[in-house]
Amino acid sequence: MAGSFPSSFIGKKMLHCFRLPLAILLLALSITSSHAFRKYRHPKIKSSVYLSPKFVLDLGSVVDKYYYNIDFPRGHIAIKGFNAEVVDEAGHPVPLHETYLHHWALGRYYQRLNSTNPGHDDRKHNHVFVRNSGICQNNSVGQYYGLGSETRGTDTDVPDPFGIEVGNPADIPAGYEEGWLLNVHAIDTRGVEDKLGCTECRCDLYNVSKDEYGRPLRPDYIGGLRCCYDDTQCRLREVSEGAKRNLYMRYTVKWIDWDEFIVPVKIFILDVTDTWKQLGNSTGQSSEHECHVEYNVEPCSTSGMTDNRCTDSKRISLIMPTGGYIIYGVAHQHAGGLGSALYGEDGRVLCSSIPTYGQGKEAGNEAGYIVGMSTCYPQPGSVKINVGETLILESNYSSAQRHTGVMGLFYILVAEQLPKPRLSLRVPIAKQVNKGWE
């Protein structure tokens, strides 16, 4: 047609018209995605070391203290790790064969502005305990972190890009502020008659018949937390040497400032002693859980069998109220523990944790004590728990001899969602466009 432009010219003209805007768009996408990728892959982890208030231990004595309003990072952050150990006034780690760390626990709470620090049993309405997402109830195992003698050899780091979200202003009630407490339960075993019996809180060694609240103990209660509470005394040998000493919990917090690229995780602490029942009411609560925290292991009959066949295996089925992906897991056991595992409804192993026992007497490596627990860090997305899935928790102990007041807890971090892919678009798209322009 006269006066018309060749189609090839129109194509070139349109290409020139769109080339510059497209290049600008690709450059903007590349800068944005590259920036996101850098933030997502390389968070700046901060770390601080703090000391608890001083506590004093004498031969065979016990402390079970609750320290409120401890030093802790403030603001909207993601916790990336927490660990603690007992140290002396010079900052040296104290050996387990001298001071046995039964357990420590880190708790979170909200307190009214300008309120005083509460006593453990005098919180009233000024303080609200913020529990983890676990299924235990009645103020049982609601902590955010907690370990025992294994603390020095157990990894607690939260992998990237996940984090435990705390300090979000939107979650803190008006007129309140966030606070943290540290529970320390330590037993001085210097000069005692029976070290294992003292660390397992055998009631006869503590000469108690009532618990810390003055309530009589059951006749069948022979050992556990109700016999080794704060200021109790384990039986000493006739001749003992030693003196009072000042000790501290030295704890390390790792965290990063919260941002949109962090994937929040929920804390679940499962207890093998949980005696729960299904509810059929309309309150929205599907089950009622009572976690007893501790139990006894009775000795097996070794007649005709070797000691390594004497294993006490305790199992329980638990229904998970929410679903998600396991990011981290670790068990907590006492002396005699052989390991613990968490299974899915179909029998698959979700996570397992095995103790490491010390071989000598130097700090952190004491013979007969658990000095570390193995952890599981599944590839994100590889271990999924479905909503309402029935899990099996198993805790194994040696039953070659009796053990009292043992624990079978399992701590897992669960992400309800996985991180979204954040790939840089600059390189592959530029190559494709260049090929089209050539």
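Residues numbered from 1 in each chain as written. Predicted model: local features only at pLDDT ≥ 70, side-chain atom pairs only at ≥ 80, totals over all residues. Heavy atoms only, no water.

Named according to an unreviewed UniProt entry, the protein chain is Stress up-regulated Nod 19 protein originating from Castanea mollissima.

Peer 1: Any chance you could explain the overall build of the protein chain here in plain terms?
Peer 2: When helices and strands are tallied, the protein chain shows 4 helices and 26 strands. The burial tally for the protein chain puts 46% of its 438 residues in the buried class. Only carbon and sulfur atoms are counted for the fraction: they give 52% of the accessible area of the protein chain, which is about 22100 Å². (Helix = DSSP H or I, 4+ residues; strand = E, 2+ residues; numbered from the N terminus. Buried < 20%, exposed > 50% of the residue type's maximum accessible area, 1.4 Å probe, protein only. Areas by Shrake-Rupley, 256 points an atom, 1.4 Å probe, with all protein chains shown as cover.)

Peer 1: Explain the pairing of strand β18 (residues 337-343) here, please?
Peer 2: Within a regular strand, the side chains alternate between the two sheet faces. Burial within β18 is extensive, with 6 of its 7 residues counted as buried. Two elements, β18 and strand β24 (residues 390-398), share 6 bridges in a ladder whose sense is antiparallel. Along β24, the bridge assignment pairs Gly-337 with Tyr-397. Across 4 bridges, β18 lies against strand β19 (residues 349-353) in antiparallel orientation. (Pairing = 2+ DSSP bridges.)

Peer 1: When you look at the nonpolar core in this model, what are you seeing that I'm missing?
Peer 2: One recurring pattern in soluble globular proteins is that nonpolar side chains are buried together. Counting 81 residues, the largest nonpolar core has Phe-55, Phe-82, Trp-104, Tyr-145, Ile-164, Met-249 and Tyr-411 as the members making the most contacts within it. Take this core: its biggest share by element is 7 residues, from strand β26 (residues 409-415). Among all residues touching Phe-55, those that are not within four sequence positions of it are Val-63, Tyr-67, Val-86, Val-184, Arg-245, Asn-246, Leu-247, Tyr-248 and Met-249. The next biggest cluster of nonpolar side chains, apart from the first, holds 15 residues, and it includes Cys-198, Cys-203, Tyr-221 and Cys-227. (Core = buried A, V, L, I, M, F, W, Y, C linked by side-chain atoms within 4.5 Å. Contact = heavy atoms within 4.5 Å.)

Peer 1: What should I look at first to understand the state of the cysteines in this one?
Peer 2: Simply put, disulfide is the name for a covalent bond between the sulfur atoms of two cysteines. Under the criterion given, the structure shown has 6 disulfides. One disulfide bridge connects Cys-198 with Cys-234, the sulfur atoms lying 1.9 Å from each other. Taking the sign of the S-S torsion, -85 degrees for the link of Cys-198 and Cys-234, the bridge is left-handed. Of this pair, Cys-198 sits in helix α2 (residues 195-199) while Cys-234 is found in the loop between α3 (203-206) and β10 (245-257), placing the two residues 36 residues apart along the sequence. A single burial state applies to Cys-198 and to Cys-234, both of which are buried. When the cysteines engaged in disulfides are numbered in sequence order, the protein chain pairs them as 1-8, 2-7, 3-6, 4-5, 9-10, 11-12. (Disulfide = S-S within 2.5 Å.)

Peer 1: Can you walk me through the pattern of salt bridges in this structure?
Peer 2: Pairing between side chains of opposite charge can happen when their charged atoms approach one another. Counted under the stated rule, the structure contains 19 salt bridges. With a shortest N-O distance of 2.7 Å, Arg-190 and Asp-188 are connected by a salt bridge. Of the charged contacts in the structure, one is a salt bridge between Glu-389 and Arg-348, with a shortest N-O distance of 2.9 Å. In this pair, Glu-389 is assigned in the loop between β23 (384-385) and β24 and Arg-348 in the loop between β18 and β19, connecting sequence segments 41 residues apart. On the basis of relative accessible area, Arg-348 is assigned to the partly exposed category, the value being 27%. Salt bridges sharing common partners tie together Glu-85, Arg-152 and Arg-250. (Salt bridge = Lys/Arg side-chain N within 4 Å of Asp/Glu carboxyl O.)

Peer 1: How should I be thinking about the sheet that holds β18 in this particular structure?
Peer 2: Note: strands within a sheet are paired through backbone hydrogen bonds, in either parallel or antiparallel orientation. Read across the open sheet, the 4 strands follow the order β16-β24-β18-β19; overall the sheet is antiparallel. Of all the strands in the sheet, the pair left with one neighbour each is β16 (311-319) and β19. Each strand of the sheet is rotated relative to its neighbour by a mean of 15 degrees, with strand direction disregarded. Where β16 meets β24, 9 bridges bridge the pair, whose relative direction is antiparallel. Paired with Asp-312 across the two strands is Tyr-397, which belongs to β24. (Axes fitted to C-alpha atoms, helices over the stretch in contact; angles between N-to-C directions.)

Peer 1: What should I look at first to understand the packing of aromatic side chains in this one?
Peer 2: Aromatic ring pairs are described here by two measures, namely the spacing of the ring centres and the angle between the planes. Counting across every chain of the model gives 13 aromatic pairs. Taking the centre distance of 5.9 Å and the plane angle of 20 degrees together, the rings of Tyr-145 and Tyr-411 count as stacked. Separated by 266 residues along the polypeptide, Tyr-145 in strand β7 (residues 145-147) and Tyr-411 in strand β26 bring together distant segments of the chain. In this structure, Tyr-145 and Tyr-411 share a single accessibility class: buried. Members of the aromatic cluster, each reached through a chain of ring pairs, are Tyr-50, Phe-72, Phe-82, Trp-104, Tyr-144, Tyr-145, Trp-180, Tyr-251, Tyr-328, Tyr-377 and Tyr-411. (Phe/Tyr/Trp six-rings, centres within 6.5 Å; stacked < 30°, edge-to-face > 60°.)

Peer 1: What am I meant to see in the environment of Tyr-110 here?
Peer 2: In this fold, Tyr-110 is placed in strand β5 (residues 99-112). The class of Tyr-110 is buried, set by a relative accessible area of 8%. Measuring from C-alpha to C-alpha, the distance between Tyr-110 and His-127 comes to 5.5 Å, with 17 residues separating the pair along the chain. Leaving out residues up to four positions away in the same chain, Tyr-110 has contacts with Asn-126, His-127, Val-128, Val-130, Asp-171, Ile-172, Pro-173, Tyr-176, Glu-177 and Glu-178. In terms of polar contacts, Tyr-110 uses its side chain to reach the backbone carbonyl oxygen of Asp-171, at 3.4 Å. (Polar contact = N/O pair within 3.5 Å; in protein donor to acceptor, adjacent residues only side chain to side chain.)

Peer 1: So what exactly am I meant to see when it comes to the side chain of Ser-395 here?
Peer 2: By the element assignment, Ser-395 lies in strand β24. Engagement of the side chain of Ser-395 in a polar contact is seen with the side chain of Gln-333, the distance being 3.1 Å.

Peer 1: For this particular structure, what's the right way to read unusual backbone geometry?
Peer 2: What you tend to see is this: most non-glycine residues have negative phi, and most peptide bonds are trans. Of note, the amide linkage connecting Asp-160 to Pro-161 takes the cis form, showing an omega dihedral of 0 degrees. Phi at Asp-231 is positive, roughly 75 degrees, even though this residue is not glycine. Within the element layout of this structure, Asp-231 appears in the loop between α3 and β10. The backbone of Val-293 shows a phi angle near 75 degrees, a positive value even though the residue is not glycine. Along the polypeptide, Val-293 turns up in the loop between β14 (287-288) and β15 (294-297).

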